[in-house]
Amino acid sequence: MNYNRKEYSEDELISLYRAILKPRMIEERMLVLLRQGKVSKWFSGIGQEAISVGSAMALEQDEYILPLHRNLGVFTSRNVPLDRLFAQFQGKKTGFTKGRDRSFHFGSNEHHIVGMISHLGPQLAVADGIALSDLLDKKEKVTLVYSGDGGASEGDFHEALNVAAVWGLPVIFMIENNGYGLSTPSNEQFKFKQFIDKGPAYGMDALQIDGNNLLEVYDTVRQTAASMRKNPRPVLIEAMTFRMRGHEEASGTKYVPQELFEKWAKKDPVENYEKFLLDELVLTQKAVESIREELKAEIEEGLQTAFATPMPVADRQEEIADMYKPYVQQPVAPASSAKTEKRFVDAISDGLRQSMERYPELVLMGQDIAEYGGVFKITEGFVDKFGKERVRNTPLCESAILGIGLGMSVKGKKSMVEMQFADFVSVGFNQIVNNLAKSHYRWGQHADVVVRMPTGAGTAAGPFHSQSNEAWFFHTPGLKVVYPSSPYDAKGLLNAAIEDPNPVMYFEHKLLYRSISQDIPDDYYTIEIGKAKTVAEGEDLSIITYGMGVHWAKQLQQEMPGTSIEILDLRSLLPWDKEAVRNTVAKTGRVIILHEDTLTGGIGGEIAAWIGENCFEHLDGPVARVASLDTAIPFAPPLEAEFLPKQRLREKVEAILAY
Ligand SMILES: Cc1ncc(C[n+]2csc(CCOP(=O)(O)OP(=O)(O)O)c2C)c(N)n1
């Protein structure tokens, strides 16, 4: 192996040696512990350490790194204390996730590391978000993120690289090409020859390096990062390497030809570097021994501390509370009584504009939201007022943009991501339910992201522009879900959602945009998330609903003047207002839960179950649900009308009243 020491001092060369030896020695110890049954799972990076170590050592300490499952060397190079690292591997509370996630699935802002989720690819866009924040704040920083050759097949890889290229984000995409994704060799994973061919296709520079040559990795990343700080842009680096052990220790290596091990053993990154330093007389055998002794003592001490720490004791309250960043909303009242009549769509726009004024750190991202103003014109004129940096047109990369939102939260920013239609959130689903929703619980990093979604049917827009998909998110702890039904609530809840540091899914019904209007305060105000509103008082029966359901219920109320119907608008679905539900059930004793979403697995099921469990003594009849048919949403208006629950509401009301 050819090492070029260039102008690097002996101290630098030796510190690199210590840095690469440490993860190797930890791993060797881990393999012993694994055989003894003291560690449950281990993803080995043996043979690939030069990439983690060389690249991590090349960056400035406060530049973020987003490692994967073979990047132990990133954590050790950033001097993560070994007792905490081992406690993390053992599920101890003194680790980085309070025992809630395993192995390398954690981040530490103190060390400027954001760890992976199991899905691999989502990590890449989070790096984009961190880099975007730095770019907006004019900090001359780079962000480094890793991908395996297998993980690079995921759509997330394409989206993250594409957005980074279009937005000129200073991200180093380090591809560790070790020839296998679990047991699948490269030729069954992708057809192209090498990853550097992909860089120019995205419009970014790409370099290929010997990933086993510590100095080559270090020097390349140093130089690349220096140039990127001055001239922000993404760069793809393909590091050629080999995984000397199985995918994880239990899975074996039978599928890998023996010759490959023999070939790559000769290129061992630790042994070769050590030999180089000995040959160059930078190190003596004695110095090697003493460094090894020192590291061994550090590792043993860390292990002892971690093993001596007891397993966590579950505290139910803490477990539930930690799903969210602690935050007590203080509802803001409008500063004056001035009001103007606004349509639903204008109320949303008004709230968004005032939140932009209030939070300079808020960035809007969505397709066609800049000069074009969004397909529903909610951000019309925003570019002139706030500039293109804060009102960002995005490529059709929903998943990446949501991941970017998380990355921006790491840097203390707020983001609002507009889905062009709620239906399209499905392509960003993973980022929402696995990354944004779970991040605070896992390692204490909140996701300060609002996802706005034009939702609902009634416009003859067919199966993919009409869906009600709030139940997908209702079922996901860590998210908040709000769904206003009036211009007043739309503005107040949007402001509240943006203020809240947690991820909030904000549903806005398209059919309401231009069909309803109301006098609403001109000033900024917020409405408490989690509080329902009684929109009509009644005695005979309660309709618990939200969104368009509120309007259907109101219409029915007018059509049945002899019946006293109470209408409770939930407004927030997660959390939902159990107290208000209890009160209305206690008052009328007869309940219908109405929603536009399809019946099975809808929110009505949960609320009905809760009422059955908690308000049984108040009930004078069965808890009924009225919802859309369990089908996709049809296009033709007569079919759509049959799909929607509106026409079935009266019949159900009469049945429950007659019970
Ligand atoms: C979305 C998803 N699919 C599958 C897996 C299972 N899995 C974990 S690692 C891995 C192989 C990854 O290969 P590569 O990206 O080349 O990284 P390497 O393990 O070689 O370092 C697979 C299939 C996963 N974690 N996430």
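Our subject is the structure that appears above.
Predicted model only: the values in this text are computed from it and were never measured.

1. Side note on the overall build of the protein
Scanning the protein from N- to C-terminus turns up 26 helices and 21 strands. Against the 2.2 N^0.38 benchmark of 26 Å for 659 residues, the protein shows a C-alpha radius of gyration of 28 Å, consistent with a compact globule. For the protein, with 659 residues in total, the buried portion stands at 60%. The contacts in the protein between residues at least 6 apart in sequence include a share of 80% that link residues at least 24 apart. When the accessible area of the protein is evaluated, it comes to approximately 25,400 Å², of which 51% is carbon and sulfur surface. Once the 72 positive and 90 negative side-chain charges of the protein are each reduced to a mean point, those two points are 2 Å apart.

2. Comments concerning the sheet that holds strand β13 (residues 480-482)
The seven strands are arranged β10-β9-β11-β12-β14-β13-β19 in an open sheet whose pairing can be described as mixed. One side of each edge strand has no neighbouring strand; the edge strands of this open sheet are β10 (391-393) and β19 (572-574). For this sheet, the mean inter-axis angle between neighbouring strands, taken without regard to orientation, is 20°. Taken together, the four bridges between strand β11 (residues 414-418) and strand β12 (residues 449-455) define a ladder with parallel strand orientation. Bridge pairing in β12 places V417 opposite V451.

3. Re the packing of aromatic side chains
The final tally for this structure, using the stated rule, is 31 aromatic pairs. On the numbers, 5.3 Å between centres and 25° between planes, the contact of F75 with F104 is stacked. Within this pair, whereas F75 is found in helix α3 (residues 72-77), its partner F104 is found in the loop between α4 (82-89) and α5 (122-136), the two being separated by 29 residues in sequence. Each ring, one from F242 and one from F261, has its centre 5.4 Å from the other, and the planes form 75°; the classification is edge-to-face. With F242 in the loop between β7 (235-240) and α10 (258-265) and F261 in helix α10, this pair connects stretches of sequence that are 19 residues apart. Neither residue differs from the other here; F242 and F261 are each classed as buried.

4. Structural notes on the sheet that holds strand β3 (residues 171-177)
The strand order across the open sheet built from five strands is β1-β2-β3-β7-β6, with neighbouring strands paired in parallel fashion. Taken across any chain shown, the strands that pair with only one partner, and hence form the sheet edges, are β1 (65-66) and β6 (205-210). Here strand β2 (residues 143-148) pairs with β3 via six bridges, running parallel. Residue pairing across strands places V145 opposite F173, the latter belonging to β3.

5. Structural notes on the pattern of salt bridges
Per the counting criterion, the structure on display carries 42 salt bridges. For the salt bridge of K480 with D500, the shortest nitrogen-to-oxygen distance reads 2.7 Å. Linking K480 in strand β13 with D500 in the loop between α20 (487-499) and β14 (504-509), this pair joins segments that are 20 residues apart in sequence. The exposure classification of K480 matches that of D500, with both residues buried. Linked by salt bridges that have partners in common, K93, K98, R100, E318, E319 and D322 make up one network.

6. Topic: the nonpolar core
Counting residues in hydrophobic clusters, the biggest one holds 145 residues, and the most contacted among them are Y273, M505, V581 and I611. Of all the elements, helix α1 (residues 10-35) adds the most residues to this core, at eleven residues. When sequence neighbours within four positions are dropped, the list of residues in contact with M505 reads V425, I432, V451, M453, F473, L479, K480, V481 and V482. If you look at the next biggest cluster of nonpolar residues, it comprises 58 residues, including V383, V391, Y525 and I565.

7. Here we look at the environment of L362
Along the chain, L362 falls in strand β9 (residues 362-366). Overall, the relative accessible area of 1% leaves L362 in the buried class. Spatially, the C-alpha atom of L362 lies 15 Å from that of D350, the residues being twelve residues apart in sequence. What L362 contacts, discounting residues up to four positions off in sequence, is S355, M356, R390, K414, S415, M416 and I498.

8. Here's the deal with the packing of α5 against helix α6 (residues 155-167)
Where α5 meets α6, the closest approach of the two axes is 7 Å, and the angle between their N-to-C directions is 15°. Regarding the angle of α5 to α6, the classification is roughly parallel. Handedness of the crossing formed by α5 with α6: left-handed. Across the interface between the two elements, P122, L124, A125, D128, L132 and L135 of α5 pack against D156, F157, A160, V163, A164 and W167 of α6. For the contact of α5 with α6, the per-class residue count stands at ten nonpolar, no polar and two charged.

9. Topic: the site of the ligand
In the region of the ligand, 15 residues are neighbours, and H69, R70, S118, G150 and G151 sit closest. Between the ligand and the protein, one listed contact pairs an oxygen atom with a backbone N or O atom of D149 at 3.2 Å. Here an oxygen atom of the ligand sits 2.6 Å away from a polar atom, N or O, in the main chain of G151. Protein chains bury 70% of the 590 Å² of accessible surface belonging to the ligand in isolation. Looking at the shell around the ligand residue by residue, the classes come out as three nonpolar, nine polar and three charged.

10. Section: unusual backbone geometry
The linkage connecting L574 with the following residue, P575, adopts the cis geometry, with an omega of 0°. Structurally, the position occupied by P575 is in the loop between β19 and α23 (578-588). Unusually for a residue other than glycine, N79 sits at a positive phi of about 55°. Tracing the sequence through the fold places N79 in the loop between α3 and α4.

Cut-off values and rules
Residues numbered from 1 in each chain as written. Predicted model: local features only at pLDDT ≥ 70, side-chain atom pairs only at ≥ 80, totals over all residues. Heavy atoms only, no water. Helix = DSSP H or I, 4+ residues; strand = E, 2+ residues; numbered from the N terminus. Rg over C-alpha atoms; globule rule 2.2 N^0.38 Å. Buried < 20%, exposed > 50% of the residue type's maximum accessible area, 1.4 Å probe, protein only. Contact = heavy atoms within 4.5 Å. Areas by Shrake-Rupley, 256 points an atom, 1.4 Å probe, with all protein chains shown as cover. Lys, Arg positive; Asp, Glu negative; His and termini not counted. Charge placed at Lys NZ, Arg CZ, Asp CG, Glu CD. Pairing = 2+ DSSP bridges. Axes fitted to C-alpha atoms, helices over the stretch in contact; angles between N-to-C directions. Phe/Tyr/Trp six-rings, centres within 6.5 Å; stacked < 30°, edge-to-face > 60°. Salt bridge = Lys/Arg side-chain N within 4 Å of Asp/Glu carboxyl O. Core = buried A, V, L, I, M, F, W, Y, C linked by side-chain atoms within 4.5 Å. Parallel < 35°, antiparallel > 145°, perpendicular 65-115°, else oblique. Left-handed = near helix turned anticlockwise from the far one by under 90°. Nonpolar A, V, L, I, M, F, W, Y, C, P; charged D, E, K, R; others polar. Near = heavy atom within 4 Å. Polar contact = N/O pair within 3.5 Å; in protein donor to acceptor, adjacent residues only side chain to side chain.

These figures capture arrangement, not role.
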